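Listed below, chain by chain, are the residues.
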Amino acid sequence: LGNSGNPAHIPALADSLKNNRYPLVRGHAAWALGQLAGAGARNDLEQALQSDPDPFVQDEARAALSELTAAEK
């Protein structure tokens, strides 16, 4: 979904980032949100960085936030 370029996928990805029980899925959702660079994505990624217990998800959220920051410049 991150490669689609379609911001309509942001709500589904945000839901997966918050609610999926598998860290791999949450991490990939974080990556995809970074690729889509939606305004709402930043809040979801920051929340995941602060609250997700899995280091993989935190790393992906951190990287995605970096992507968003770079895209804003």
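Shown above is the structure to which this text applies.
Residues numbered from 1 in each chain as written. Predicted model: local features only at pLDDT ≥ 70, side-chain atom pairs only at ≥ 80, totals over all residues. Heavy atoms only, no water.

### A short note on the overall build of the protein chain
The helix and strand inventory of the protein chain stands at four helices and zero strands. Expected size for 73 residues packed as a compact globule is a radius of gyration near 11 Å; at 11 Å, the protein chain falls within 12% of this value. Seen along its three principal axes, the alpha-carbon backbone of the protein chain occupies a region of about 30 × 20 × 15 Å. Looking at the protein chain as a whole, 33% of its 73 residues qualify as buried. (Helix = DSSP H or I, 4+ residues; strand = E, 2+ residues; numbered from the N terminus. Rg over C-alpha atoms; globule rule 2.2 N^0.38 Å. Buried < 20%, exposed > 50% of the residue type's maximum accessible area, 1.4 Å probe, protein only.)

### Some remarks on the nonpolar core
Side chains of nonpolar character tend, in soluble globular proteins, to be buried together. Ranked by internal contacts, the top residues of the largest apolar core, which has 16 residues, are Leu13, Leu17, Ala30, Leu33, Leu45, Ala61 and Leu68. Of all the elements in the fold, those that place two or more residues in this core are helix H1 (10-19), helix H2 (23-36), helix H3 (39-51) and helix H4 (55-72). Residues contacting Leu13, with those up to four places away along its chain left out, are Leu1, Ala29, Ala32, Leu33 and Leu36. (Core = buried A, V, L, I, M, F, W, Y, C linked by side-chain atoms within 4.5 Å. Contact = heavy atoms within 4.5 Å.)

### Considerations on the environment of Asp44
Mapping Asp44 onto the fold places it in helix H3. Residues Asp44 and Val57, 13 residues apart in the sequence, show an inter-C-alpha distance of 12 Å. Ignoring any residue separated from it by four or fewer positions in sequence, one finds Asp44 in contact with Ala14, Leu17, Lys18 and Leu33.

### Here's the deal with the pattern of salt bridges
Where charged atoms from two side chains of opposite charge come close, those side chains can pair. The tally for this structure, following the rule as stated, stands at four salt bridges. Across the pair Lys18 and Asp44 runs a salt bridge whose closest N-O atoms are separated by 3.2 Å. Highlighted residues: Lys18 in helix H1 and Asp44 in helix H3, separated in sequence by 26 residues. Its relative accessible area of 48% is what places Lys18 among the partly exposed residues. Classification of Asp44 as buried rests on a relative accessible area of 12%. (Salt bridge = Lys/Arg side-chain N within 4 Å of Asp/Glu carboxyl O.)

### Remarks on H4
An α-helical turn contains 3.6 residues, so any two residues separated by three or four positions project in the same direction. For H4, with 18 residues, the first-to-last C-alpha span of 26 Å sits near the 26 Å given by 1.5 Å per residue. Taken together, the buried positions of H4 are Val57, Ala61, Ala64, Leu65 and Leu68. For H4, the arc enclosing every buried residue in end-on projection is 105°, short of the 170-degree limit, so these residues lie on one face. Opposite its buried face, H4 presents the exposed residues Pro55 and Ala70, each directed more than 90 degrees away. By the N-cap criterion, in which a side-chain oxygen at the helix start approaches the backbone nitrogen of a residue two or three places on, H4 is capped by Asp54, the distance to Phe56 being 2.9 Å. (Expected span 1.5 Å × (residues − 1). Arc of directions from axis to C-beta. Polar contact = N/O pair within 3.5 Å; in protein donor to acceptor, adjacent residues only side chain to side chain.)

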